[in-house]
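Next come the chains, spelled out residue by residue.
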Amino acid sequence: VTVDLTDAAAVGAALDTCAHCFGGVDVLVLNAGILPKSAPIADIDPAAWELSLNVNLTASQRLLTASIPYLKNGVDPCVVLVGTKNAPAPGKGMACYSVPKMALTQLARIATLELAPLGIRVNTV
């Protein structure tokens with residue numbers, strides 16, 4: 001299934017298709033990401049910033065949120081978020097990439113707390 005993760009309606013339709021074709025959703029891997037052109041904070045292109053937030057953070061949050069009803073009914077359900085070494089150790093010129101990826105790491109931590117009582121494991125790699 002191919003889907004534009006920045007399109008909420010498309011995400012929902014893709015999940016419905018997957019659940020129907022495969023009998024549910026047991027594993028979710030959040031691996032969407034782009035690496036914008038490096039730039040110092042003073043020179044960040046606003047369009048690049050927005051795109052990075054949309055793809056590197058919002059798309060994963062949107063898919064995670066939409067997947068929870070399916071995962072609740074999954075067999076040993078789990079979520080894997082693909083992070084980056086830049087979250088704990090950012091570099092110069094990497095704000096456009098590192099900021100949303102650090103936020104993704106925090107989203108994973110919160111998801112762990114909220115989804116564990118539902119039997120859904122959450123990990124970041």
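What you are looking at is a predicted structure, and each value in this text was computed from that prediction instead of being measured.

> Can you break down the pairing of strand 2 (residues 78–81) residue by residue, with the values?
Of the strand pairs in this sheet, strand 1 (residues 27–30) and strand 2 are connected by four bridges, and their pairing is parallel. By the bridge assignment, Leu30 is partnered in strand 2 with Leu81. Of the strand pairs in this sheet, strand 2 and strand 3 (residues 121–124) are connected by four bridges, and their pairing is parallel. Within strand 3, the residue paired with Val79 across the bridge is Val122. Assessed by its sense of winding, the connection that carries the chain from strand 2 through helix 3 (residues 95–115) to strand 3 is right-handed.

> Describe the packing of helix 2 (residues 46–71) against helix 3, listing the residues and the values that go with them.
Relative to each other, helix 2 and helix 3 sit at 15 degrees, their axes nearing to 8 Å. Here helix 3 runs roughly parallel to helix 2, going by the angle between their axes. For the pair helix 2 and helix 3, the crossing hand works out as right-handed. Of helix 3, the residues touching helix 2 (which contributes Ala48, Trp49, Ser52, Leu53, Asn56, Leu57, Ser60, Gln61, Leu64 and Ile68) are Ala95, Cys96, Tyr97, Val99, Pro100, Lys101, Ala103, Leu104, Leu107, Ala111 and Leu115. Split into classes, the residues belonging to the contact of helix 2 with helix 3 amount to 16 nonpolar, four polar and one charged.

About the cut-offs
- Residues numbered from 1 in each chain as written.
- Predicted model: local features only at pLDDT ≥ 70, side-chain atom pairs only at ≥ 80, totals over all residues.
- Heavy atoms only, no water.
- Pairing = 2+ DSSP bridges.
- Helix = DSSP H or I, 4+ residues; strand = E, 2+ residues; numbered from the N terminus.
- Right-handed = clockwise from strand over helix to strand, strands pointing away.
- Axes fitted to C-alpha atoms, helices over the stretch in contact; angles between N-to-C directions.
- Parallel < 35°, antiparallel > 145°, perpendicular 65-115°, else oblique.
- Left-handed = near helix turned anticlockwise from the far one by under 90°.
- Contact = heavy atoms within 4.5 Å.
- Nonpolar A, V, L, I, M, F, W, Y, C, P; charged D, E, K, R; others polar.

Any functional reading would require information beyond the geometric quantities listed.
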